[in-house]
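Spelled out, the chains give:
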Amino acid sequence: MKNFVVKTIANAGALAVAVWALSGITLSGDNKGKEIFTLLLVALLFGLVNFLVKPIVKVLTFPLFILTLGLITLIVNALMLLLTSWLAGVFDLSFHVDGFWTAVGGGLIVSVVSWALNVVLPDGD
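Please read all numbers here as calculations on a predicted model, not as lab measurements. (Residues numbered from 1 in each chain as written. Predicted model: local features only at pLDDT ≥ 70, side-chain atom pairs only at ≥ 80, totals over all residues. Heavy atoms only, no water.)

1. Comments concerning the overall build of the protein
Part 1 of the reasoning: Along its length, the protein carries 6 helices and 2 strands.
Part 2 of the reasoning: Order of helices (α) and strands (β) in the protein, N terminus to C terminus: α-β-α-α-α-α-β-α.
Part 3 of the reasoning: The C-alpha atoms of the protein give a radius of gyration of 14 Å, which matches the 14 Å a tight globule of 125 residues would have.
Part 4 of the reasoning: Once the C-alpha set of the protein is aligned to its principal axes, its extents read approximately 45 × 35 × 25 Å.
Part 5 of the reasoning: Taken over 125 residues, the protein has a buried fraction of 36%.
Part 6 of the reasoning: A separation threshold of at least 6 residues defines the contact pool for the protein, and within that pool the share at least 24 residues apart is 74%.
Part 7 of the reasoning: A total of about 7500 Å² of accessible surface is found on the protein, and carbon and sulfur atoms cover 75% of it. (Helix = DSSP H or I, 4+ residues; strand = E, 2+ residues; numbered from the N terminus. Rg over C-alpha atoms; globule rule 2.2 N^0.38 Å. Buried < 20%, exposed > 50% of the residue type's maximum accessible area, 1.4 Å probe, protein only. Contact = heavy atoms within 4.5 Å. Areas by Shrake-Rupley, 256 points an atom, 1.4 Å probe, with all protein chains shown as cover.)

This is how it looks when you write it as structure tokens:
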């Protein structure tokens, strides 16, 4: 359970950096408390998308992983971020990603920051 909480906090931090760094990724709320709560919900949603959908997409695109020497990972991460944005709209969360190229940049930022936070934060193992 502790590992799940740490990964969710790392995802929330990574998404917060992407919101801060890119004008095409927006998160809005009435106050900071609501924004943080929305960010945590979006991080949970993003973690769920990465847990359920990303492995299926990776298996289906395995030949492209080999052909591009793994660079297709940027596209897969962008698609997961776009799917999260769409699901956030379905659940009426105020998180939105404006377009594919913004999602590519956001996916890159989220991957790097999430990796760094997972290295720094304890994981309970």
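2. Regarding the nonpolar core
Part 1 of the reasoning: Counting 29 residues, the largest nonpolar core has Leu15, Ile25, Leu81 and Phe95 as its most contacted members.
Part 2 of the reasoning: Listing elements by their share of this core, those giving two or more residues are helix 1 (2–21), strand 1 (25–27), helix 2 (32–52), helix 5 (72–90), strand 2 (95–97) and helix 6 (100–120).
Part 3 of the reasoning: In contact with Ile25, not counting residues within four places along its chain, are Ala18, Val19, Leu81, Phe95, His96, Val97, Thr102 and Gly106. (Core = buried A, V, L, I, M, F, W, Y, C linked by side-chain atoms within 4.5 Å.)

3. Description of the side chain of Thr102
Part 1 of the reasoning: Mapped onto the elements, Thr102 comes out in helix 6.
Part 2 of the reasoning: Not counting residues up to four positions away in its chain, the partners in contact with Thr102 are Leu22, Gly24, Ile25 and Val97.

4. Topic: the packing of aromatic side chains
Part 1 of the reasoning: Per the stated rule, a full pass over the model turns up 1 aromatic pair.
Part 2 of the reasoning: Ring geometry for Phe100 against Trp101: centres 5.1 Å apart, planes inclined by 75°, an arrangement best described as edge-to-face.
Part 3 of the reasoning: Residue Phe100 is classed as partly exposed on the basis of its relative accessible area of 31%. (Phe/Tyr/Trp six-rings, centres within 6.5 Å; stacked < 30°, edge-to-face > 60°.)

5. A few points about the packing of helix 1 against helix 6
Part 1 of the reasoning: For the pair helix 1 and helix 6, the least separation of the axes is 8 Å and the interaxial angle reads 140°. With respect to helix 6, the element helix 1 is oriented oblique. Seen along the crossing, helix 1 lies across helix 6 with a hand that is right-handed. Note on element contacts: helix 6 touches helix 1 through Gly106, Ile109, Val110, Val113, Ser114, Leu117 and Asn118, opposite Lys7, Ala10, Asn11, Gly13, Ala14, Leu15, Val17, Ala18 and Ala21.
Part 2 of the reasoning: Partitioning the contact of helix 1 with helix 6 into residue classes produces 10 nonpolar, 5 polar and 1 charged. (Axes fitted to C-alpha atoms, helices over the stretch in contact; angles between N-to-C directions. Parallel < 35°, antiparallel > 145°, perpendicular 65-115°, else oblique. Left-handed = near helix turned anticlockwise from the far one by under 90°. Nonpolar A, V, L, I, M, F, W, Y, C, P; charged D, E, K, R; others polar.)

6. Quick notes on the environment of Phe46
Part 1 of the reasoning: As for its placement among the helices and strands, Phe46 is situated in helix 2.
Part 2 of the reasoning: C-alpha separation for the pair Phe46 and Thr84, spaced 38 residues apart in sequence, amounts to 5.6 Å.
Part 3 of the reasoning: Excluding anything up to four places from it in sequence, Phe46 contacts Asn11, Leu15, Met80, Leu81, Thr84 and Val110.

That's the geometry; what it means functionally is another story.
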